[in-house]
Amino acid sequence: MISLLFYLACAGYILLDLQLLRGLFKLKKRNRPENRETPTITVLIAARNEERNLPHVLDVLLAQDYPVEKFNVIVVNDRSNDGTENVLRSYSERNPDKIRFMTITEVSPGMSPKKHALMRGLEQAQGEWIAVTDADCTMGPRWLSSLSHEFNTDTGMVLGLTAYAELKNGFGWGTGTQALEFISYGIVSASLVGLGFPVIANANNLAYRRKAFEDAGGFRGHGNVVSGDDDFILQAIHATGQWTTKFCSTPESLVRTAAPESWAHFWEQRKRWASKCLYYRLPQKLFLAIVFAFYAAIPLLLLAGIICPWYAWLGICGFAVKTVSDFAVMRSGLRGFGLSSLLRWFPGTALLHIPLILAAVVAGTTGGFTWKGQRLSKRV
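Residues numbered from 1 in each chain as written. Predicted model: local features only at pLDDT ≥ 70, side-chain atom pairs only at ≥ 80, totals over all residues. Heavy atoms only, no water.

1. What about the pairing of strand β11 (residues 368-371)?
On any regular strand, side chains alternate: one points to one face of the sheet, the next to the other face. Where we set the bar: Here, any two strands with at least 2 DSSP bridges between them count as paired. Elements are defined by DSSP. Helices are runs of H or I of four residues or more, strands are runs of E of two residues or more, and each kind is numbered from the N terminus.
For β11 and strand β12 (residues 374-377), the ladder comprises 4 bridges, and the chain directions are antiparallel. Bridging across to β12, W371 finds its partner in Q374. Where β11 folds back on β12, the antiparallel hairpin that results is connected by 2 residues, among which K372 adopts a positive phi of roughly 55 degrees.

What follows is the structure, encoded as structure tokens:
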């Protein structure tokens, strides 16, 4: 009976990855709107202790080829204790029509620090669309233009892909494994958007229509969840039934972000991401719970193989099914975004993925994590 159920689970996982491939295919074949909008856009950044990173991201934002009169940048200095404010003041004085900033010194009780910072920025934002990125990111000059190509009258939110910035000496085994593991979330996100079932997003490469954000209730209902200023908005906008969600698949929309400085930093990041999953909407939560159960069954069967070798064989079969079908999805996704070179790190990522997901979900939903020098729990 156990064998039959697990074989069915393996078949279900293959079917899932086939659907993800279909989602990627639909993104590639989708036509862009012929009469696209060119609305006003406010680029919003919440920055905490980003003195070193801000000059670069502000320079590339000032160099965007989007109509100069149609966009501006607002940076919220979130309780920084380094030279962040000095950097922002300098850029604001030199570019008063393009860059504005505000400094906050305390967090609203019962609200996530980052969501509080973003809300303060939204109070000052005047764009019809809000594009969000982070201070440690960089992008090409056509970032805003590429995202805006997806804007249509019924578009509520547009997502883009984020990858780790290339290291000076290239990726090694450890950093390459992390880089592929990181981008796998973006590829799955793109696939699920293509299928019309958005689940996850990346807060450093997205844009949403201000009205769609308001129709979805903004941060209401999850403002006290520390993480999730991206996923919750995505799911809420989709749930209104009034707006479509799109994923921009052009290479020009790619955002690069700094890789974690260490495995410890990488681990804290994954715990933070996992901490929010218990508060997802029911369909998305059930979907992830099924995937989690399949992942958990594989090591449990391998352990049970100590008693009965047949269970070990089932576990090996499950791992093989996951590895082969995941490879097909990653290969297609990386090709579509022009990042096929990362596929060389697939063996390491395949070995890391199951224990990382299982451990991060358990640790993130039951304990705390460190972020921006702060020790936080999943809820404020």
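2. Re a positive patch on the surface
Put simply, the rule reads: A residue counts toward a patch only above 30% relative accessible area and without a salt bridge, and it is joined to like-charged neighbours within 9 Å or, for Val, Leu, Ile, Met, Phe, Trp and Tyr, to nonpolar neighbours within 5 Å. Computed with the Shrake-Rupley method and a 1.4 Å probe, the accessible areas treat only the protein chains shown as cover for residues. Any carboxyl oxygen of Asp or Glu within 4 Å of a side-chain nitrogen of Lys or Arg constitutes a salt bridge here. Lys and Arg are tallied as positive, Asp and Glu as negative. Neither His nor the chain termini are counted. Just so you know, the charge point we use is NZ for Lys, CZ for Arg, CG for Asp and CD for Glu. Remark: exposure states derive from per-residue accessible area (1.4 Å probe, protein chains only) relative to the maximum for the residue type, with buried under 20%, exposed over 50%, and partly exposed in between.
Together, K28, K29, R331 and R335 line one region of the surface with positive charge. Of all the secondary structure elements, the ones that give two or more residues to the positive patch are α1 (2-29) and α11 (309-336). Residue K29 is classed as exposed on the basis of its relative accessible area, which comes to 55%.

3. Regarding the nonpolar core
The following threshold applies: To qualify as a nonpolar core, a set must consist of buried Ala, Val, Leu, Ile, Met, Phe, Trp, Tyr and Cys residues joined through side-chain atoms within 4.5 Å. In this analysis, two residues are considered to be in contact whenever any of their non-hydrogen atoms come within 4.5 Å of each other.
The biggest cluster of nonpolar side chains holds 78 residues, and the ones touching the most others in it are I183, Y208, L339 and L342. Dropping the residues within four chain positions of it, I183 is found in contact with L161, T162, A163, L334, L339 and L342. Formed by 30 residues, the second largest nonpolar core is a distinct cluster that contains V73, L88, Y91 and A131.

4. So, the side chain of N72
The following threshold applies: Pairing of N or O atoms within 3.5 Å defines a polar contact, subject to two protein rules: one partner must be a possible hydrogen donor and the other a possible acceptor, and residues neighboring in sequence count only if both atoms are side-chain atoms.
Mapped onto the elements of the fold, N72 is located in strand β2 (residues 71-78). One polar contact links N72 to T42, side chain to side chain, over a distance of 3.0 Å. Beyond its immediate sequence surroundings of up to four residues, N72 is in contact with I41, T42, V43, D97, K98 and R100.

5. So, a nonpolar patch on the surface
A surface patch of nonpolar side chains, amounting to about 500 Å² of accessible area, comprises Y7, L302, W310, W313 and I316. In terms of residues, the nonpolar patch owes the most to one element, α11, which gives 3 residues.

6. So, the sheet that holds strand β10 (residues 255-257)
To summarise the sheet geometry, strands pair through backbone hydrogen bonds and adopt either a parallel or an antiparallel arrangement. Selection rule: Inter-axis angles, ranging from 0 to 180 degrees, are taken between N-to-C directions of lines fitted to C-alpha atoms, where helices are fitted over the stretch in contact.
With mixed pairing, 3 strands are arranged side by side in an open sheet as β5-β10-β7. Edge strands, defined here as strands with exactly one partner in the open sheet, are β5 (137-139) and β7 (162-164). Going across the sheet, the axis of each strand differs from the next one's by a mean of 30 degrees, ignoring polarity. With respect to the sheet, helix α6 (residues 173-194) is in contact with β7 and β10, its orientation differing from that of β7 by roughly 170 degrees.

7. Let's talk about unusual backbone geometry
Glycine aside, residues mostly have negative phi, and peptide bonds are mostly found in the trans state. Despite not being glycine, N49 has its phi angle at roughly 55 degrees, a positive value. In this structure, N49 sits in the loop between β1 (41-47) and α2 (54-62). On the basis of relative accessible area, N49 is assigned to the partly exposed category, the value being 29%. Phi is positive for R79, close to 60 degrees, though the residue is something other than glycine. Assignment of secondary structure puts R79 in the loop between β2 and α3 (84-94).

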